[in-house]
Structures are given as structure tokens and as C-alpha cells.
Amino acid sequence: MPELLMPAGNLEKLDYAITYGADAVYFGMVDLSLRSMKTGEIIDEFNIKSAVEKAHELGAKAYMTANIFAFDEDIEILKSKINLIKEANPDAIIFSDFGIMNVLKKELPDIPLHVSTQTNILNTEAVKFWRDMGVERVILARELSLEQIATIKKNVPDIEVEVFVHGAQCMSFSGRCLLSDYMTADERKANHGNCAQPCRWNYKLLEETRPGEYYDITEYDKGTTILSPKDLCLIEYIPKLIDAGVDSFKVEGRTKSTYYASCVARTYRHAIDEYLEKGTYNADFYKDELWKVRNRGYTTGFFLDKSQKGNYTYAKEPSDIGNTFCVQILGKDEKGYKGLIKNNVDVNETYEFISPKDQFSTKLVKILDEFGNEEDKATTNDIVYLTFEQEPVEFSHSLLRK
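So, how was this worked out
- Residues numbered from 1 in each chain as written.
- Predicted model: local features only at pLDDT ≥ 70, side-chain atom pairs only at ≥ 80, totals over all residues.
- Heavy atoms only, no water.
- Helix = DSSP H or I, 4+ residues; strand = E, 2+ residues; numbered from the N terminus.
- Buried < 20%, exposed > 50% of the residue type's maximum accessible area, 1.4 Å probe, protein only.
- Contact = heavy atoms within 4.5 Å.
- Areas by Shrake-Rupley, 256 points an atom, 1.4 Å probe, with all protein chains shown as cover.
- Salt bridge = Lys/Arg side-chain N within 4 Å of Asp/Glu carboxyl O.
- Axes fitted to C-alpha atoms, helices over the stretch in contact; angles between N-to-C directions.
- Parallel < 35°, antiparallel > 145°, perpendicular 65-115°, else oblique.
- Left-handed = near helix turned anticlockwise from the far one by under 90°.

Asker: Which residues make up the overall build of the chain, and what values go with them?
Answerer: The helix and strand tally for the chain stands at eleven helices and 21 strands. Relative to its 402 residues, the chain shows a buried fraction of 53%. A separation of at least 24 residues holds for 66% of the contacts in the chain among residues at least 6 apart in sequence. In the structure as shown, the chain presents an accessible area of about 18700 Å², 47% of it carried by carbon and sulfur atoms.

If you want it as C-alpha cells, here you go:
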């Protein structure tokens, strides 16, 4: 059975991703990760041990990322945190830099190593190299096709293979981009965990002899995102990925929302389980579910080994795609379901209630504020008590969307 590996940008996302179906999560520690976290209870040297323990309590594995391209000063930071990492004892460490690998092998020989997609693993001989270096898992480059993935696994069956199946892609080769470094005067280093994502910015065309005259090269009126790839989505190819021998299905998105972590984990978990149980699954249904999560449009990337027209442009802005995440359910008492409002909600409107097991549409019939006063609506960041026309079987970790 393949592992479903989800991102955990903070402790809350770790909890939700596992509760909604992840077999394992990956998270970075401050200063060593290729993603700089900005919100929530960020995982750092003070809580990395509790993060690993929480994952284990929930029945999942926990992988720590140390996948920056390191300068000498970064190596010293890593060395200063070795005892903390050893005490936390993650199930594996994901790395991309040879210097970091050297330190990890010497100082933490009992923790398995997984080599990052940043190392551009594209062929059998590269996989053999990493196997012979003692690495337990390779995370293959997104540029590989299904046929190439299957060939690599067949040629080197004695090492685990991890493949990205969902989430954002980079416009550069295996994520090795300098665009952010240049366009932010070296303040936002892409390969040091702080990419500004200039490939997602909006652009217009300027002809140099006509200063101030901008020309649209766009599919919508705010500019164009011709550098920005659509998001990867391989939900339709679960059987082929399993047949190819892929050991871990990886989802991108440590900086994305709790809602994203929950819904994507739930969708892939149910699809994988349905296929393994029945030998078939409703791929169209699960693809529709993923459209309810904010995205840049979907593509299969290089997976089918053929060019796809429109991989880098789309007709809608990301904010126009996906359902609106409205409420995070925090608990329940005599006043109703305690909810943190993420986007405005109104009495008598219909919302979709989702939990790890439940999914149904129901009308919101009452809103009480924190003092018990009845309201017609609730706005972002309010904490209120909600009553619904239909009660869920379970409410733990439940979310509402519209």
C-alpha cells in the first residue's frame, strides 16, 4: 500500500492532515527548511520533539526537512541543532545538500535519509548512487514521466521511491530557481526557504521605445501569469502509480491552508482506499472534490510524457477557482458548534459540512455570538456558535465551505 505523504506547515496542519488521512507528514525546522512558515504554531527547535510525538500519537510518521542549499554558516546552524534533532528522532530527514548529508550521516547515523527532489533525480544511475550512499528513499524530479518512473523502480527495487502527485510546480528545473533572488535584490532566496514566487506575479508587456505604454499579454485584466505553471494533479492515475511501484504519494503545500491540507488529504485517502478495496474508483468524483480547493488550474505536468497546451496559463485567477473555506469547527456545547469564521457566513444559507468521514450540505439556522446574542451573520475571525439543520455524525476537525 503506498504512503500518502502530506505537508505540515505548522502543528495545526500536521494534526488536520493526519486526521484527514495522511500516513505521514513532512515539516521543516526554522533555518533549515526550503519553506519559510509565516503563520500558526510554527515548528522550531522548541517544539519539534512534540511535533514528532503528535504525529506518532495519531498513527503517522514524521519526516523533517533540512533541504536548503547550505552555506558554511548554515552548516554551523545545523550542527548547533543536532542534539535537538536527535532527541526529537524524526522518522527520516529530507535533504538536498551534500554538506548537510555529510553532517547528518556522521552525527545522526540512526535516522534514515531521504534525498530531496531538489537534487534533480532523473535516472537509474543517480538512484543507484544515492542507494549506495545509504539513502533509504529518493524523491524523484517532477520532470519524469510515468514510464520513466516505472523503469527506475524496476531497475532499482531496493530503494523507496517518492513521487509528487499534487500541488504547485515551479517554473524552473526541479525547483532550482534564481528568479526570486534577482527580483528581490537577494533578500528572498528561493533555495534558502524564502521564495517570493515571482513566477506567480502578474506581468504586462512594455515596448522600450514607448515608455509608459503597456500591452496586455493576458487572459484576464490584471496581467498574465505566463511563467506560472498550473498545479499538478494525478488523482486519475492512482492505479498507474501503484503499478509503477511508487512507495509514497507526496502532496506539495506547506505554506497552504489547513483547509487545503485537510481536503486534499481526505480526497486522496478515500480514492486510494476505494481503489485498493474495490479495484476501481470514481476518479471524476475525486477530481471534482479537488476543484473545490483553491488552485491555479490542474495539469498532469510531465507525467504523460507529452506536451500539454496551456500548462502555464489559465483563464481564471486562483481566487476564482475552488470553494470558499468558511468555518473551522473548534468544539461543541449547549450553545451549538463553536466555530472560527474564516469567511463571512449568513443564517439560512447552505454550506457543505466536511470531516474526515462526513460530507453533506446543510442549512445554517442560527448564529450566536460569544455572549449568546443571536446574529444574522458572522464575519472573518469571529468566534461564534452555530446551529445546523443537519447534525454531523462527528464534528472533530470539521470544516465548512460554500
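Further notes follow.
Asker: Describe the environment of aspartate 31, and please don't skip the residues or the numbers.
Answerer: Checked against the element boundaries, aspartate 31 lands in the loop between β2 (24-28) and α2 (48-57). Overall, the relative accessible area of 44% leaves aspartate 31 in the partly exposed class. Taking the C-alpha atoms as reference, aspartate 31 lies 7.7 Å from isoleucine 77; in sequence the two are 46 residues apart. Setting aside its immediate chain neighbours within four residues, aspartate 31 contacts Ile68, Ile77 and Lys81.

Asker: Kindly report on the pattern of salt bridges, identifying the contributing residues and their values.
Answerer: Counting across every chain of the model gives 22 salt bridges. Across the pair glutamate 349 and lysine 402 runs a salt bridge, and its minimum N-O distance is 3.0 Å. Residue glutamate 349 is found in the loop between β15 (345-346) and β16 (350-354), and its partner lysine 402 is found in the segment after β21 (399-401); the two are separated by 53 residues along the sequence. Overall, the relative accessible area of 33% leaves glutamate 349 in the partly exposed class. Put simply, Glu3, Arg137, Glu160, Glu162 and Lys250 are held in one network by salt bridges that share partners.

Asker: Explain the packing of helix α6 (residues 124-132) against helix α7 (residues 146-155) residue by residue, including any values.
Answerer: Taken N-terminus to C-terminus, the directions of α6 and α7 make an angle of 45°; their axes are 9 Å apart at the nearest point. By the angle between their directions, the pair α6 and α7 is classed as oblique. Viewed along their axes, α6 and α7 form a crossing whose handedness is right-handed. Mapping the contact onto sequence places Thr124, Val127 and Lys128 in α6 and Thr151, Ile152 and Asn155 in α7.

Asker: Account for unusual backbone geometry, with residues named and values stated.
Answerer: The backbone of asparagine 89 sits at a positive phi, close to 55°, despite the residue not being glycine. Summarising the element assignment, asparagine 89 is placed in the loop between α4 (82-88) and β4 (92-95). Within the chain, asparagine 348 stands out as a residue other than glycine whose phi angle is a positive 75°. Residue classification places asparagine 348 among the exposed residues on the basis of a relative accessible area of 51%.

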